[in-house]
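One letter stands for each residue in the lines below.
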Amino acid sequence: MPGLKEVRTRIASVKSTQQITNAMKMVAASKLRKAQMGIIKLRPYAAKLHEIMQNLSASADSSNDSVYTHERNPENILIIVITSNRGLCGGFNSNIIKATLNLLATTYEEQLRKGKVNLITIGRKGTEFFRKRGYKVLESHDDLFDRLTFENISPLAEQLMKAFADKKYDQIQIVYNQFKNAAVQRLVVEQYLPIVPVKIDPSVSTIQKKQADYIFEPDQGTILQLLIPKSLRIQLYKSLLDSFASEQGARMTAMQQATDNARELLRALQISYNKARQYSITKELLEIVAGAEALKG
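Just so we're clear, the structure is a prediction, and the values are computed from it rather than from any experiment.

Colleague: Just give me the short version of the environment of Lys114, but keep the residues and values in it.
Modeller: Along the chain, Lys114 falls in the loop between helix H3 (109-113) and strand E2 (117-122). Separated by 39 residues in sequence, Lys114 and Glu75 have C-alpha atoms that sit 9.2 Å apart. A distance of 3.1 Å separates the side chain of Lys114 from the side chain of Glu110, its partner in a polar contact.

Have a look at this one:
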């Protein structure tokens, strides 16, 4: 049975850990509220803009086609991996890393073997993992989470669009966690470029197709050329907002579980301490009784 001093030391240590995890949970909850409001406000706008862009791309003729919709043989691949800068958020980062490794080992196995897969990492955890293992990490933008604004994200989106337009890459994928609620994050592998137009269902009636026709001012091609870059910037910004909100939710949940575990451990240690104290008192009483009996003899 452990001694009283040893149990007291462990109790003090667990109490200190419990205070830290509880404080981290509260900080994550505060950040989550702000991040959740941001992504909830942006998501409907981003979804509608993306839908309009896809519909325009699907109905545009070849003369109005955008360079961002051109599908090419996927030889050169770029993957944007979005993780977090800090740990202590459960399986948030490990799930992203596993999904990226799976993508490299299956979909892009041949391109990886030829050395034609590059990574851009956003988040220190992903940067450290892939660089240590020798993957081609071209850039890391770990500082974006320090000031997560549309203005700070736009230059990276412009860079990605230019690289695709210049045929430096044939496909650009984004791997990130999509926020659902504080306890649930959905892993997403999303094609950023080229844009996949909505396929028109041949079973749709002529009347329904006519209802989707609009008068464009200015012309459809001009609208498409202006709308696509804006939609792509919004799409990247939304991915980062989703990831940031997911990180705070995952951290809050992980710290809540850690706090609960510390509480259970404290209860077990307190029982152990009481038993050790009872054993010590009983032992002392027996020694006193034995001493008294010896004096009588």
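There is more to say after this.
Colleague: Which residues make up the nonpolar core, and what are the values?
Modeller: Ranked by internal contacts, the top residues of the largest apolar core, which has 44 residues, are Ile80, Leu160, Ile172, Tyr192 and Leu193. When residues of this core are traced back to their parent elements, those giving at least two are helix H1 (4-59), strand E1 (77-82), E2, helix H5 (150-165), strand E4 (171-181), strand E5 (184-193) and helix H7 (220-296). Contacts of Ile172, omitting those with residues within four sequence positions, involve Leu78, Ile80, Leu160, Phe164, Glu190, Gln191, Tyr192 and Leu193. Core analysis: the second largest hydrophobic core is formed by 15 residues, Ile96, Ile97, Val117 and Val175 among them.

Colleague: Outline the sheet that holds E5, supporting the account with residue identities and numerical values.
Modeller: As summarised here, the arrangement of the five strands in space is E3-E2-E1-E4-E5, forming an open sheet in which the pairing is mixed. Looking along the sheet, the strands with just one partner apiece sit at the ends: strand E3 (137-140) and E5. Recorded for the sheet is a direction-independent mean angle of 20° between the axes of neighbouring strands. Contacting E1, E2, E4 and E5, helix H2 (residues 92-105) runs over the sheet at an angle of about 150° to E4. Docked against the sheet, H7 engages E1, E2, E4 and E5, running at close to 45° with respect to E4.

Colleague: Which residues make up unusual backbone geometry, and what are the values?
Modeller: In this structure, Pro194 follows Leu193 across a cis peptide bond, with omega equal to -5°. A positive phi angle, close to 55°, is found at Leu88, a residue other than glycine. Mapped onto the elements, Leu88 comes out in the loop between E1 and H2. For Lys167, which is not a glycine, the phi torsion comes out positive at approximately 65°. Within the secondary structure layout, Lys167 lies in the loop between H5 and E4.

Colleague: Account for the pairing of E2, naming residues and giving values.
Modeller: Taking burial as the measure, the six residues of E2 include six buried ones, the bulk of the element. With burial as the criterion, each face of E2 is covered, one bearing Val117, Leu119 and Thr121 and the other bearing Asn118, Ile120 and Ile122. Here E1 pairs with E2 via six bridges, running parallel. Bridging across to E2, Val81 finds its partner in Thr121. Taken together, the three bridges between E2 and E3 define a ladder with parallel strand orientation. Bridge pairing in E3 links Thr121 to Ser140. Between E2 and its parallel partner E3, the chain crosses via helix H4 (residues 124-132), and the hand of that crossover is right-handed.

What counts and how
Residues take numbers from 1 onward in each chain, read along the sequence in its written order. At least 70 in pLDDT is required for a residue's local features to be given in this predicted model, at least 80 for side-chain atom pairs to be given and counted, and no such filter applies to totals for whole chains, interfaces and linings, which use all residues. Side-chain measures here rest on the full set of heavy atoms in the structure, leaving out hydrogens and waters. Helix and strand assignments come from DSSP, with helices taken as H or I runs of at least 4 residues and strands as E runs of at least 2, each series counted from the N terminus. The term polar contact refers here to a pair of N or O atoms within 3.5 Å; inside protein, the definition further demands a hydrogen-donor-capable atom paired with an acceptor-capable atom, and it admits residues adjacent in sequence only when both atoms are side-chain atoms. Residues belong to a common nonpolar core when they are buried Ala, Val, Leu, Ile, Met, Phe, Trp, Tyr or Cys residues joined through side-chain atoms within 4.5 Å. Residue exposure (1.4 Å probe, protein chains only): buried if accessible area is under 20% of the type maximum, exposed if over 50%, otherwise partly exposed. We call two residues in contact when some of their heavy atoms are within 4.5 Å. Note on pairing: two strands pair once DSSP finds at least 2 bridges between them. Each axis is a line fitted through C-alpha atoms, and for a helix only the stretch in contact is used; angles between axes span 0 to 180 degrees, taken between their N-to-C directions. When the strands point away from the viewer and the connection leading from the first strand across the helix to the second strand turns clockwise, the crossover is called right-handed.

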